[in-house]
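Structural description and commentary
Take a look at the letters that make up each chain.
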Amino acid sequence: MRYAVLVAGPAGSGKSTFCTALLTHLATMKRTAHLFNLDPAIGPSEYHVQPSIDIRELISLEDVMEEMELGPNGGLVYCFEYLLQNLDWLDDEIGDYDNDYIIIDCPGQIELYTHHPLLPKLISHLSIQSIRICAVYLLESQFMEDRSKFFAGVMSAMSAMVNLEVPHLNLISKMDLVSKKSGKGTGMRKALIERYMETDPLLLVDEPHSRTNPKFHALNQAIVQLIEDHNMVQFLPLDVTDEDSLQGILEHIDYMLQYGEDEEPKEPNDMDDGDFVEGDDEVEFD
Ligand SMILES: Nc1nc2c(ncn2[C@@H]2O[C@H](COP(=O)(O)OP(=O)(O)OP(=O)(O)O)[C@@H](O)[C@H]2O)c(=O)[nH]1
Ligand SMILES: [Mg+2]
């Protein structure tokens, strides 16, 4: 059995950094994993590790933009369509790894996750090749600075979950940037962080409600209702500098993929989001 982790999320959310960190973490545990770069726009020196499979060897965004006279987004769609027409290339590249993880680093264009059929097509092809696949969706911790922005991110995560139709894990990345300093008025209260991790819809009613035009209150309320009704968006905190954080996330991924099918299904350990101090209800970043 082969396993694939599709790492998705908006531009700059830390996907490539997480892929590299997870790869290094798996290596320290003596587990084999391979990086699959699915971003045709990434610069050659953006990874510390060499990808085992690289879409740029099939097609590069730079060439497409030049030859087809397309912009970056049209060019990206062209690259994905080209990949889908050349799945033999992908099958050859994937080879016959066994019991290995393939970590797929995706581009940051959000439309790929929310409505294009390109990734679902790729996913169904990988499934036919008996690759068990799950998605990890990253939002960065800065989104917690602004509740409206955070809920826009929550909606994008939900939309990706529905569009991709594979087991799905949401992460808040760059948790090292959330201030852990103690003292009056600083630090984000642990309880408040937990409300974000649990996507407490009431976060949206109190504060953004008071800032938005009353015309939009019914819309805010409808969004709250939607999130409450589905009750499926939760986040785990990701701090790439913390081995325990990576290990906790890996346990969730292993569980979602039922890694090691002959073994008993494992329950992931309860995750703790670190030692955030009690303080005011303010989000503060270093
Ligand atoms: N402090 C901190 N910075 C991070 C972390 N992860 C990523 N960054 C920084 O955030 C920026 C974007 O990180 P990337 O890993 O390239 O993000 P990405 O999602 O792959 O970006 P695109 O592929 O362009 O969509 C870089 O400057 C990283 O150094 C993190 O955990 N903590
Ligand atoms: Mg990237």
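A brief report on the enclosed structure follows.

Parameters at a glance
Residues numbered from 1 in each chain as written. Chains lettered and ligands numbered in written order. Predicted model: local features only at pLDDT ≥ 70, side-chain atom pairs only at ≥ 80, totals over all residues. Heavy atoms only, no water. Helix = DSSP H or I, 4+ residues; strand = E, 2+ residues; numbered from the N terminus. Buried < 20%, exposed > 50% of the residue type's maximum accessible area, 1.4 Å probe, protein only. Contact = heavy atoms within 4.5 Å. Areas by Shrake-Rupley, 256 points an atom, 1.4 Å probe, with all protein chains shown as cover. Pairing = 2+ DSSP bridges. Near = heavy atom within 4 Å. Polar contact = N/O pair within 3.5 Å; in protein donor to acceptor, adjacent residues only side chain to side chain. Nonpolar A, V, L, I, M, F, W, Y, C, P; charged D, E, K, R; others polar. Salt bridge = Lys/Arg side-chain N within 4 Å of Asp/Glu carboxyl O. Expected span 1.5 Å × (residues − 1). Axes fitted to C-alpha atoms, helices over the stretch in contact; angles between N-to-C directions. Parallel < 35°, antiparallel > 145°, perpendicular 65-115°, else oblique. Left-handed = near helix turned anticlockwise from the far one by under 90°. Core = buried A, V, L, I, M, F, W, Y, C linked by side-chain atoms within 4.5 Å. Domains from an automatic or database assignment.

What to know about the overall build of the chain
For the chain, the count of helices and strands is 12 helices and seven strands. Scored against the burial criterion, the 286 residues of the chain give a buried share of 50%. The long-range share in the chain, meaning contacts at least 24 apart out of those at least 6 apart in sequence, stands at 76%. Split by element, the accessible area of the chain, about 13700 Å² in all, is 49% carbon and sulfur.

Observations concerning the pairing of strand 2 (residues 33-37)
Taken across its five residues, strand 2 has five buried, putting it largely inside the fold. Because side chains alternate across strand 2, one face comprises the buried residues A33, L35 and N37, and the other comprises H34 and F36, equally buried. Bridging between strand 2 and strand 4 (residues 101-105) involves five bridges; their strand directions are parallel. Opposite H34, over in strand 4, you have I102 as the bridge partner. Pairing of strand 2 with strand 3 (residues 53-54), which is carried by two bridges, proceeds in the parallel orientation. By the bridge assignment for strand 3, F36 is matched with I53.

A closer look at the site of ligand 1
Around ligand 1 there are 13 residues in total, and K15, S16, T17, K174 and D176 lie nearest to it. Here an oxygen atom of ligand 1 and a backbone polar atom of S13 are 3.2 Å apart. Here an oxygen atom of ligand 1 sits 3.0 Å away from a polar atom, N or O, in the side chain of K174. In isolation ligand 1 exposes 650 Å². Once the protein is present, 64% of that is buried. Of the residues assigned to the shell around ligand 1, the class counts are three nonpolar, six polar and four charged.

Here's the deal with the pattern of salt bridges
As enumerated under the stated definition, the model contains four salt bridges in all. Of the charged contacts in the structure, one is a salt bridge between R56 and D54, with a shortest N-O distance of 2.5 Å. Under the relative-accessibility criterion, D54 is labelled buried at 4%.

With respect to helix 4 (residues 72-85)
Given a rise of 1.5 Å per residue, 14 residues ought to cover 20 Å, and the 20 Å separating the end C-alpha atoms of helix 4 matches this to within 8%. Taken as a whole, helix 4 has its buried residues at G75, L76, C79, F80, L83 and L84. The inward-facing, buried residues of helix 4 abut helix 2 (55-58), helix 3 (61-68), helix 5 (87-94), helix 6 (111-114) and helix 7 (118-128).

Observations regarding the environment of E57
Note on placement: E57 falls in helix 2. Between the C-alpha atom of E57 and that of W89, which follows or precedes it by 32 residues, the distance is 9.9 Å. When neighbours within four sequence positions are excluded, E57 is seen to be in contact with W89 and E93.

Structural notes on the packing of helix 10 (residues 202-211) against helix 11 (residues 217-230)
Look at helix 10 against helix 11: their axes get within 10 Å of each other, and the N-to-C directions meet at 160°. By the angle between their directions, the pair helix 10 and helix 11 is classed as roughly antiparallel. Between helix 10 and helix 11 lies a crossing whose hand is right-handed. Where helix 10 abuts helix 11, its residues L204, V205, P208 and H209 lie against H217, N220, Q221, I223 and V224.

A few points about the nonpolar core
With 60 residues, the main nonpolar core has L38, L90, I104, L119 and F150 as its most contacted residues. Ranked by residue count, the leading element in this core is helix 8 (residues 147-164), at eight residues. Residues from two domains meet in this core; each of domain 1 (2-199 + 234-257) and domain 2 (204-232) gives at least three. Excluding residues within four positions of it along the chain, L119 makes contact with L6, L38, F80, L112, Y113 and L164. Among the nonpolar cores identified, the runner-up in size contains 28 residues, and Y3, A21, Y47 and I103 belong to it.

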